[in-house]
Amino acid sequence: MDFDSKINQQSNFFTILIHLSLILFIIISFQWSPKNPYFSEVELWDAVPTVTKKSAAPPKPQSIKKETVVKKVETQTPKNTSKEAEINLKKKKQKALEDKKKKEEQIKKVQEDLLKQEQIKQLQNQLLEAEKIEKLQNELLEQELKTAEQEIITEDKKQTKRIALEGDKDLEAGRNNGELDKYKALIQQKIQQNVNNNLCGLDFLSLSFEISLLPSGELLSDPLLKESSKNPSCDEAVERAIFQSEPLPVPTDPKLFAKLKKLKLKFYPNGQPQ
Amino acid sequence: MKKSLVYVSLLSALMAGCSSTPLNDAAEPGAAGTPNSLEESLSLDKLRSDSLLTQRSVYFDFDKYEVKPEYQDIVNAHAQYVADHPNAKVTLKGHADYRGAHEYNLALGQKRSVSVKGAMNVSGANDDQIETVSYGEEEANQNCQGNECSQDRRVVISYEVE
Amino acid sequence: MKLIKFFILNLCLLAITQTQAIEVIDILGGKANELSVAVTPFVGDETNNIHNVIKSDLTRSGFFRAINIDAVKSFPKNIEDVDFTFWSALKSELLIIGKVEDNGDQIKVTYDLVDVFKEKLITTLEFIGKKNQDRQIAHQISNLVYEKITGTPGVFHTRVAFVKKIDNKKFTLNVSDMDGYNSKAVVTSTQPIISTRWSPDGEKIAYVSFEKKKPVIFVQNLKTGERKLVANFKGNNSAPAWSPDSKKLAIVLTYNANSQIYLMDADGSNIKRLIRSRSIDTEPTWSPDGKSIFFVSDRGGGPQIYKMNLDDDEAKRVTFEGRYNVSPRLSPDGKLLTFITMEQGSFRVAVQNLISNQVMKLTVGKNDESPIFSPNGHMILYSRKLQGEKAEIATVSLNGLKSVKIDVGKELTQEPTWSPFDF
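Being a predicted model, the structure only gives us computed values, none of them experimental. (Residues numbered from 1 in each chain as written. Chains lettered and ligands numbered in written order. Predicted model: local features only at pLDDT ≥ 70, side-chain atom pairs only at ≥ 80, totals over all residues.)

## Here we look at the interface of chain C and chain A
By convention, interface size is frequently given as the accessible area that disappears when the constituent parts associate. Inclusion rule: Residues are scored as being in contact if the C-beta atoms we place from backbone atoms lie within 7 Å. Each helix is a run of DSSP H or I of at least 4 residues and each strand a run of E of at least 2, with the numbering of both proceeding from the N terminus. When residues are grouped by polarity, Ala, Val, Leu, Ile, Met, Phe, Trp, Tyr, Cys and Pro land in nonpolar, Asp, Glu, Lys and Arg in charged, and all others, Gly among them, in polar. The pairing criterion for strands is at least two bridges between them, as found by DSSP.
Residue-level contacts link 27 residues of chain C with 34 residues of chain A. Those elements giving two or more residues to the side of chain C that touches chain A turn out to be α1 (2-18), β1 (23-28) and α4 (134-150) of chain C. Per-class residue counts for the side of chain C that touches chain A are 14 nonpolar, eight polar and five charged. Here strand β3 (residues 262-268) of chain A runs beside β1(C); their pairing, made up of six bridges, is parallel. Within β1(C), the position partnered with A:Leu263 by the bridge is C:Glu23.

Written as structure tokens, this is what we have:
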């Protein structure tokens, strides 16, 4: 019994540890800010963004809900003296003015209330949004935790499953890999046609460049020589081939393009020994 | 008078400057001695009239140096002559057709001469009476077509006295 | 503990999968192509010689292809004038521009080598010389461009020598610029001259002459014009080959036997037998390190090329393709062997890689002879016979892309040799 509980304790301890460190890793590596350091400052869109009017409703003109104070001017018979009438009229006028003022104040108050309500509402919405995002992130976290767990525990099973599913065209992941390979092959073909190995002598040398691409297929900057062939003329000739191959064939799907926007090109200008 | 002297010396200086190094042809190997005694000792009349001895060329196949059977008689005749006349000196000059490298053809022509010499040795001719040289393709017909070229693949037998 | 290890390993796996994975594409092979270059007339060059010489030089090498610029009206003087869009539209990868300033009897020539794709200046230089040195200056520019792009020094300033047969009765040994200009006779004879060999120190040419009614060997000093008869032994004297230090000559003597290879000092003294055989041994040539001699022998039946190290007496066979392989010469780095191979009756220039033993045929024939490497090993000079009694000398690039005649006139021209870099 003792032995069993000991094992239990250990396994509990380790599962907690694993979970904790997984969370730690995911937190560390998860990109909280969507900033991509490799792109320039320019915002790139697939299409012209439609302007979404998210501004507050335009201030309504004050006159809409104007309550027309219908003044009923009583046409009294002038029985009293004109002075009395005047005073009465004055009083009436004053009263009307006061009423008007009051009404205006009321309207103002109502509008203020409305505004306040709107603001509250906005805030509430924002809160809701924030809550939503938090919820989403939490969900994602959970998901990743789950998948990471699965990967660690059933790594072998997944491998065999993947191999078995490779031929299965209905698998979304499988389809994506095929597309990726297709574009890699297109890029490889286009550059290979331009490789002039005349300046690369007769030995079996190799060299590699790293390139960064724009969605147009053009180079973001000069290719970066990672491994030289030790023959500078050959390095230069291969770099020229890369330039001459612009624009490279790249997918329009942004997710797929993202996998190809940085590439390592390994060259064997004289082929490889048989 | 002075002027023309100057002109002439100037001209000659110019010509001397412009000229390349000319060569003098080597003196022909000459034979000294009285014709009559030589003729007798060398039986020149025989050399000039005998049906076999008047034939001076031995022909070869492409890139080959062995004496073909049809030329054996000629070679033997000359070998006999040389053996019989210790004063006689014979030169075997080998040639090749124009195809291939100059130096290799020089060597091939030489090998042909040496081959004829070997055949003559067998018939009794002495080595110190025979000289073998080669001209390779240098006298060949550069324009020969097909069978024509066989004319160039030969060894020419010539005697010092001639 | 096992569990801890398992734990750490999987953390690492996570860490790795969290970093951004970059796709790798392998690109194998390529095509040997010439680099396209636009060589524009130098502004101020009255004779238009300079850019034409540069264009011929670079094209001959087999590394460059000159863009047709006949339709272009005006040419830039320097990099600031260059319209890159225009030149890249013409599909020119490189651009050579320049200007010539006339200073009385002197000229100042400036050139710019421009990278059209990168839109930048690669290199520039200024030359000052006499007006009649314009071709030399152009050759220097070709050399600089060549070295910048290929990493190997150019040979466009070097000289060649060759034999001309004039009117069927005169033979001359001539020396000219590598492109055939400024040809001058250094020997005139009524008898054939063959097997010319420029000494590695650049001072002398050895050759075989038939002036003594049989082949003998001369060595001629190019500066003084003095010629010395170094080999006149009994029988044939031929096939002189300079040792890399120019102090010795391997030659072929026959005495009264087959051709055999001997060694002597360059002045004709200290003659000794080098190779002993009962067959034809001829056409010796030295390896650049001076340690071996390659030669032709028919000891195996037909002529093949063999190699012998000077410190042992063993001859090893080098050529195995075909039944007729002659005229061996080594490349300056000793890695390649050029020779003439006969294939179905056609004599062609071939090159064999001495490490892989792969053989490439560089010319189609039909009657090619005497191949020799350029001082930088990138081209081969040879002679080719044509219909009738005609022959000419030409260069072929090592990549086989370009074969260009060296124009020295209509006369039958053969037996060429190449000067070293310095002469």
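From this point, things continue past the structure.
## Points about the interface of chain B and chain C
Each partner contributes to the interface: chain B provides 27 residues, whereas chain C provides 41 residues. Looking at the side of chain B that touches chain C residue by residue, the classes come out as nine nonpolar, nine polar and nine charged.

## Quick word on the sheet that holds strand β18 (residues 281-286) of chain C
So the rule is basically this: Each axis is a line fitted through C-alpha atoms, taken for helices only over the stretch in contact, and angles between the N-to-C directions span 0 to 180 degrees.
The strand order across the open sheet formed by four strands is β18-β19-β20-β21 (chain C), and the pairing between neighbours is antiparallel. Looking at the sheet topology across the chains shown, the edges are occupied by β18 and β21 (315-317) of chain C. Each strand axis lies, on average, 30° off the axis of its neighbour in the sheet, ignoring direction. Bridging between strand β19 (residues 292-297) of chain C and strand β20 (residues 304-309) of chain C involves six bridges; their strand directions are antiparallel. Within the sheet, the bridge partner assigned to C:Val296 lies in β20(C) and is C:Ile305. Sitting on the sheet, helix α5 (residues 102-122) of chain B touches β18 and β19 of chain C, and the angle it makes with β18(C) is about 150°.

## Examining the confidence of the model for chain C
Low pLDDT marks regions whose predicted coordinates should not be analysed in detail. This is how it is decided: Per residue, pLDDT captures the predictor's confidence, and it can take any value from 0 to 100.
Here chain C shows a mean pLDDT of 93. Residues at 70 or above account for 96%. Across the whole predicted complex the pTM is 0.72, and at the interface the ipTM reaches 0.88.

## Side note on the packing of helix α4 (residues 72-84) of chain B against α5(B)
Residue and element names in this part refer to chain B. This is how the line gets drawn: Angle categories: roughly parallel below 35 degrees, roughly antiparallel above 145, roughly perpendicular from 65 to 115, and oblique for all the rest. Crossing handedness is read from the near helix: turned anticlockwise from the far helix by less than a right angle, it gives a left-handed crossing, and turned clockwise, a right-handed one.
Where α4 meets α5, the closest approach of the two axes is 8 Å, and the angle between their N-to-C directions is 60°. Comparing the axis directions of α4 and α5 gives the class oblique. Read as a crossing pair, α4 and α5 show a hand that is right-handed. Touching Val 75, His 78, Ala 79 and Val 82 of α4 are Val 116, Ala 119 and Met 120, all from α5. Grouping the amino acids of the contact of α4 with α5 by side-chain chemistry returns six nonpolar, one polar and no charged.

## Examining the packing of helix α2 (residues 49-60) of chain C against α4(C)
What describes two packed helices is the angle between their axes and the distance between those same axes. Residue and element names in this part refer to chain C. In the contact formed by α2 and α4, the axes pass within 8 Å of each other and the chain directions differ by 45°. Taken together, the axis directions place α2 and α4 in an arrangement best described as oblique. Crossing handedness for the pair α2 and α4: right-handed. From α2, Asn 49, Ile 50, Val 53, Ile 54, Asp 57 and Leu 58 reach across to α4, where they touch Asp 134, Arg 135, Ile 137, Ala 138, His 139, Ile 141, Ser 142, Val 145 and Tyr 146. Its residues assigned to classes, the contact of α2 with α4 shows nine nonpolar, three polar and three charged.

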